[in-house]
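Spelled out, the chains give:
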Amino acid sequence: MKNPSEIIKSQIISEKGTFLAETANQYIFKVAADANKIEVKAAVEALYQVKVEEVQILNRVGKERRRGLKIGYVPGYRRAIVRLASGNSISLT
């Protein structure tokens, strides 16, 4: 199994992420491209010392962006929405 810090790349703090954290006790993380639900659950439990109930994995597709005549690409990434057991929480910093 991989190192937990290799699986969890960063926590995504956005408007949707803070809303989910406040209402549904769910947190969003950017994860490695080859990570699965079992690895993400173990990594979050190891890094934050919390109990994870459910993990949802989503692939965000990269997009083409134009600025004038120049075309660029925003890279895609894989993210996980993690629901914690009641009574557990993660600091949003």
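A.B. asks: Could you give me a rundown of the environment of Glu39, with the residues and numbers involved?
C.D. replies: Mapping Glu39 onto the fold places it in helix H3 (residues 37–48). With a relative accessible area of 16%, Glu39 lands in the buried category. Distance in space between the C-alpha atoms of Glu39 and Asn3 is 9.5 Å, their sequence separation being 36 residues.

A.B. asks: How would you summarise the pattern of salt bridges if you had to cite specific residues and measurements?
C.D. replies: Applying the stated criterion across every chain yields a total of three salt bridges. In this structure, Lys2 and Asp34 form a salt bridge, with 2.6 Å as the shortest nitrogen-oxygen distance. Taken together, the residues Lys2 in the segment before helix H1 (4–7) and Asp34 in the loop between strand S2 (26–31) and H3 connect sequence positions 32 residues apart. Here Lys2 falls in the partly exposed class, since its relative accessible area comes to 28%. Taking the shortest distance from any N to any O, the salt bridge between Glu54 and Arg83 comes out at 3.0 Å. One end of the pair, Glu54, is in strand S3 (residues 52–60); the other, Arg83, is in strand S6 (residues 77–84), with 29 residues separating them in the sequence. Judged by its relative accessible area of 29%, Glu54 falls in the partly exposed class.

Criteria and cut-off values
- Residues numbered from 1 in each chain as written.
- Predicted model: local features only at pLDDT ≥ 70, side-chain atom pairs only at ≥ 80, totals over all residues.
- Heavy atoms only, no water.
- Helix = DSSP H or I, 4+ residues; strand = E, 2+ residues; numbered from the N terminus.
- Buried < 20%, exposed > 50% of the residue type's maximum accessible area, 1.4 Å probe, protein only.
- Salt bridge = Lys/Arg side-chain N within 4 Å of Asp/Glu carboxyl O.

As far as function goes, none of this settles anything; it's purely spatial.
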